[in-house]
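Spelled out from the first residue to the last, the chains are:
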Amino acid sequence: RTAAVRNDNHSQSFRSRVGVVLLAISSLFFSHCFNRVLTQVPLITHDELRRALDILHVRYQVPHVVVSSIPLSDALRKAIEGVIPPPPENRGISEDGDELLILCSSRVDDGKGNQISVVHGRRIWRIRGYFSGVGDLFSALVLAHFDAAPGAEALSTATGKAVFTLQAILRDTE
């Protein structure tokens, strides 16, 4: 299982049989927060985020999921306060102080034969503008840093490195 699927198709065609088959053989799934085609769940509250991740893990059997660019609603901000630390000092990255949330979720064995989701979150500064190909580059960077060894830390580490690199590129080419 080495395929990675990135869901950027906003049409219903991705829900076709081909899309489901691709997910079944994928080990890693990337989705922008506004893509609700597969889960039909809005990503606004903590419970909705958890439900969407569970659908991708359980129904589609994808062991590793990354959901990016999740805007922090007031309800979501309150839910993660004290759990996911704020991003490091702004240093001119975000003009308006807006933040986004990125979630990484891996299904792992709990040692008792049960599959559990280990979810890592990262708050990042939002960089305003229109950037073409950012999702493709982000996916490629995560894959380049991802070590599919057992455990959930590999995906979180890879995502962190990808975010750091991508923000540096966007900041320097703005």
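Use the structure listed above.
Computed from a prediction, not measured in an experiment: that's the story for all the values here.

S.K.: Whenever I open this one, the overall build of the protein confuses me. Can you help?
M.R.: From N to C terminus, the protein includes five helices and five strands. Reading the protein from its N end, one meets helices and strands in the order β-α-β-α-β-α-β-β-α-α. Among the 174 residues that make up the protein, the fraction classed as buried is 41%. At a minimum sequence separation of 6, the contacts of the protein that also span at least 24 residues come to 67%. Total accessible area on the protein is roughly 9500 Å²; 54% of this is exposed by carbon and sulfur atoms.

S.K.: Help me understand the pattern of salt bridges in this model?
M.R.: Where charged atoms from two side chains of opposite charge come close, those side chains can pair. With the rule as written, the count across this model stands at five salt bridges. Between Glu 81 and Arg 123 there is a salt bridge; the shortest N-O distance is 3.9 Å. One end of the pair, Glu 81, is in the loop between α3 (74-80) and β4 (99-109); the other, Arg 123, is in strand β5 (residues 115-125), with 42 residues separating them in the sequence. Overall, the relative accessible area of 6% leaves Arg 123 in the buried class.

S.K.: Would you explain the environment of Val 21 in this entry?
M.R.: Mapped onto the elements of the fold, Val 21 is located in helix α1 (residues 17-24). Residue classification places Val 21 among the partly exposed positions, given a relative accessible area of 40%. Sequence spacing of Val 21 and Tyr 60 is 39 residues, and the spatial spacing of their C-alpha atoms is 8.9 Å.

Parameters and conventions
- Residues numbered from 1 in each chain as written.
- Predicted model: local features only at pLDDT ≥ 70, side-chain atom pairs only at ≥ 80, totals over all residues.
- Heavy atoms only, no water.
- Helix = DSSP H or I, 4+ residues; strand = E, 2+ residues; numbered from the N terminus.
- Buried < 20%, exposed > 50% of the residue type's maximum accessible area, 1.4 Å probe, protein only.
- Contact = heavy atoms within 4.5 Å.
- Areas by Shrake-Rupley, 256 points an atom, 1.4 Å probe, with all protein chains shown as cover.
- Salt bridge = Lys/Arg side-chain N within 4 Å of Asp/Glu carboxyl O.

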